[in-house]
Amino acid sequence: MTLASSFFQRFPPRRSMSDRLAGGGGAGVPDLDVETIATMLDSVRVATSLIMDEAARVAQSPKDRKVSSGVLAQVRLAINKVEQASLQELADSYEPRRRAVSRTDLEMRALAAIMNGTDWLSAAEIGRELDPNAANPHATASRWLQNKQVFAIDHRGKKMFPAYVFGESWKPVPEIKKVLAVLEGYSPLRLASWFESTNAALQGRRPREVVKGDPKAVIRAAERQVVGAVHG
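Criteria and thresholds
- Residues numbered from 1 in each chain as written.
- Predicted model: local features only at pLDDT ≥ 70, side-chain atom pairs only at ≥ 80, totals over all residues.
- Heavy atoms only, no water.
- Salt bridge = Lys/Arg side-chain N within 4 Å of Asp/Glu carboxyl O.
- Buried < 20%, exposed > 50% of the residue type's maximum accessible area, 1.4 Å probe, protein only.
- Helix = DSSP H or I, 4+ residues; strand = E, 2+ residues; numbered from the N terminus.
- Contact = heavy atoms within 4.5 Å.
- Pairing = 2+ DSSP bridges.
- Axes fitted to C-alpha atoms, helices over the stretch in contact; angles between N-to-C directions.

**With respect to the pattern of salt bridges**
Scanning all chains against the criterion turns up 4 salt bridges. Aspartate 154 is the partner of lysine 159 in a salt bridge, and the nearest nitrogen-oxygen pair spans 2.8 Å. When its relative accessible area of 39% is taken as the criterion, lysine 159 is described as partly exposed. What makes aspartate 154 exposed here is its relative accessible area of 59%. Note that arginine 208 and glutamate 196 form a salt bridge whose closest N and O atoms lie 2.7 Å from each other. Here arginine 208 is found in helix H10 (residues 207-210), whereas its partner glutamate 196 is found in helix H9 (residues 188-196), with 12 residues between them in sequence. A single salt-bridge network, built from bridges that share partners, covers Glu196, Arg206, Arg208 and Glu209.

Here it is as structure tokens:
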């Protein structure tokens, strides 16, 4: 029995993964899996050891050793190619680990939704909407903020007010004060996030979309928010 026939009797050749995926394996032949590929790699390494041992045994004279060295160099090259192909199949069989969405990513997306969901105005801009000739356009919105009739977020050193807390005359929607009282303790950004998020109590609508048309419904949604947080 030759070395090759002995080896292939112990380690029968297997079809490539691409052949299996193309249906070349025939009925009843299982697809290659990670364990099979690992076995292939072990087989290649055992084959390498057997070939090297056999070459060392038969190479007696210097001439034999020279011929054997050339053959072994070709064998090593062929084995390396097989091993690399097997490793590639092994790598392809794994689903690569994906980078999880970090909390920072989520916060940035939420902030983008908040900032893009409505217009934001400074106290001076609101003052000029109320009175283009106001000597101190900041004063009125700042007073409303202090009285908790509206809320504002800090953005680049300025207080920015969401447009949805004001009515058509640029006066605060009266019910906003009640909503803010219900959600007392919420930071401005958390308030903005709540107004921007879809709400089951409002049939999936956002509070900012409802507050002018049905402000009492927004108050009830805020109350449910607080009750749910207490009992949840």
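**Focus: the environment of lysine 177**
Mapped onto the elements, lysine 177 comes out in helix H8 (residues 174-182). A relative accessible area of 42% means that lysine 177 is categorised as partly exposed. For the pair formed by lysine 177 and leucine 145, sequence separation is 32 residues and the distance between their alpha carbons is 10.0 Å. Leaving out residues up to four positions away in the same chain, lysine 177 has contacts with Asn147, Lys148 and Gln149.

**Some points on the side chain of serine 122**
Within the secondary structure layout, serine 122 lies in strand E1 (residues 120-122). The class for serine 122 is buried, based on a relative accessible area of 10%. Setting aside anything within four residues of it in sequence, one finds serine 122 in contact with Lys159, Met160 and Phe161.

**Describing the sheet that holds strand E2 (residues 153-155)**
An order of E1-E3-E2 is seen for the 3 strands of this open sheet, with the pairing classed as antiparallel. Two strands in the sheet have a free side with no partner beyond their single neighbour: E1 and E2. Between one strand axis and the next, the sheet turns through 50° on average, direction left out of account. Together, E1 and strand E3 (158-162) form the strand contacts of helix H6 (residues 123-130), whose direction differs from that of E1 by roughly 85°.

**What about the side chain of threonine 118?**
Here threonine 118 is to be found in the loop between helix H5 (103-116) and E1. For threonine 118, a relative accessible area of 18% puts it in the buried group. Contacts of threonine 118, omitting those with residues within four sequence positions, involve Pro162, Ala163 and Tyr164.

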